[in-house]
Amino acid sequence: MSYPKFIDVASYQPDTLAYFRAAKKSGIKAVIVKLTEGGTGTKYVNPKATKQIKNAKAAGLIVHTYHFLRATSDNDARGECRYYVQQAKARGIGDDSIMAIDVEAGNLTHNKSKLTSYINSFTDELHKQGYPNIAIYSNTSWFTTRIDRSKTIARSFWCAAYGVNQPGIDDAAAWQYSSNFRINGSRTDVSYDFTGFYTGGAKGIAAKPQPKPKPRAQWVNNNVTYKLKTAIKLRKGASTSSGVILVLPAGSVVKTDRAIIQGGYRWVRQPRSGGYGYFVTGPASNTLEYVTTVKNAAKPVRVYTVRSGDNLSVIAKKLGVSTSYLQSKNGIKNANLIYPGQKLKY
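Bear in mind the structure is a predicted one, so any value in this text is a computation, not a measurement. (Residues numbered from 1 in each chain as written. Predicted model: local features only at pLDDT ≥ 70, side-chain atom pairs only at ≥ 80, totals over all residues. Heavy atoms only, no water.)

Undergrad: Explain the overall build of the protein chain to me, please; I cannot follow it from the model alone.
TA: For the protein chain, the count of helices and strands is 7 helices and 18 strands. For 346 residues, the compact-globule formula gives about 20 Å, and the C-alpha radius of gyration of the protein chain, at 34 Å, lies well above that figure. Dimensions of the protein chain, computed from the C-alpha atoms along their principal axes, are close to 110 × 40 × 35 Å. In the protein chain, 62% of the contacts between residues at least 6 apart in sequence involve partners at least 24 apart. Summed over its atoms, the accessible surface of the protein chain is roughly 17600 Å², and 48% of this surface lies on carbon and sulfur atoms. On the protein chain, the mean spot of the 50 positive side-chain charges and the mean spot of the 20 negative ones are 15 Å from each other. (Helix = DSSP H or I, 4+ residues; strand = E, 2+ residues; numbered from the N terminus. Rg over C-alpha atoms; globule rule 2.2 N^0.38 Å. Contact = heavy atoms within 4.5 Å. Areas by Shrake-Rupley, 256 points an atom, 1.4 Å probe, with all protein chains shown as cover. Lys, Arg positive; Asp, Glu negative; His and termini not counted. Charge placed at Lys NZ, Arg CZ, Asp CG, Glu CD.)

Undergrad: Quick question: what am I supposed to make of the layout of surface pockets here?
TA: Space left empty within the atom packing is revealed by a probe, the size of a water molecule, rolled over the atoms. Empty space within the largest pocket amounts to approximately 710 Å³. No other element matches strand E13 (residues 253-262), which puts 5 residues into the lining of the largest pocket. For the lining of the largest pocket, the class distribution of residues is 13 nonpolar, 6 polar and 7 charged. Taken as a whole, the second largest pocket encloses approximately 380 Å³ of empty space. (1 Å grid on protein atoms, 1.4 Å probe; cavity = no way out; pocket = protein on both sides within 12 Å on 5 of 7 lines; lining within 4 Å. Points joined across faces, edges and corners; volume = space filled by probe spheres on them. Nonpolar A, V, L, I, M, F, W, Y, C, P; charged D, E, K, R; others polar.)

Undergrad: Honestly, the pattern of salt bridges in this entry has me stumped. Any pointers?
TA: Where charged atoms from two side chains of opposite charge come close, those side chains can pair. Taken as a whole and assessed by the stated rule, the structure comprises 9 salt bridges. Two residues, Glu-37 and Arg-70, come together in a salt bridge whose shortest N-O distance is 2.7 Å. Within this pair, whereas Glu-37 is found in strand E2 (residues 28-38), its partner Arg-70 is found in the loop between strand E4 (62-68) and helix H3 (74-90), the two being separated by 33 residues in sequence. Judged by relative accessible area, which is 12%, Glu-37 ranks as buried. Glu-125 is the salt-bridge partner of Arg-82, the closest N and O atoms lying 3.5 Å from each other. Taken together, the positions of Arg-82 in helix H3 and Glu-125 in helix H4 (residues 112-128) put the pair 43 residues apart, joining distant regions of the chain. (Salt bridge = Lys/Arg side-chain N within 4 Å of Asp/Glu carboxyl O. Buried < 20%, exposed > 50% of the residue type's maximum accessible area, 1.4 Å probe, protein only.)

Below, the structure is given as structure tokens:
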């Protein structure tokens, strides 16, 4: 099977219309022009890029561009990408063009996970800048030992491998098989396009957009008093797996200060002596299913009946108040003098 071919050029190749017409005549369908290199520290623009892009288009070739990556961090990669996009837009490179990331610089990290992350940060930034057609260029060795292809966002791999009969990776979308293709006497890199992505006007899908992370649920102020429609468990944390402090009976009136929707429920926080309790006001689909809101509520008068074996300290802890509060509320002078059946307001 005969695959369509494309070339890539940098400052080493001509920028003349005659050169690109000769490329077209020799069967070349597209050209990928080196545009930039670095961008946060070293800033380089191919001095021939503007004319190469213009004359390649004039010769009837499909034109894409590439960036030579030198990033040393994820933020660095994003900065390089923004520089690349700035230069591309200045030269009329639209979102239908392929934006290729050239990954082969000697300064790049040997840490496979980090390098893959830098490539993904660059790719993600390209998506944010409005360029969906993305390719990764490198050689067989790097694709097998330095880049984790299973974790890259971009899925179109353009692989360089000379003097062999195949690119050496089974998922190559394109194969740069020679650096000695002659066009008007000039040595030029040439590649086979296995998928039609590079020579078909970038109509294929080169990358999967990185899913946007769902925003994390956050606590919000919620100074609201609720009356419970049903008995509800008061827990040590805002989770159904958290331990139970006590069961609040139906009809209880409870003051809260914070709320959050997580785990499929709306949780509220009740300030208590020495900490907090948490309970559910309803499922996320009906957040007040288990409660009613008490508007302008006066402080509710609640009563606890002393049981045999109780002492004021234990009762206070159970009710979420202080011992001194119970003494003051009920006129108790001696905290040790309470009796079963006694009614304590709280």
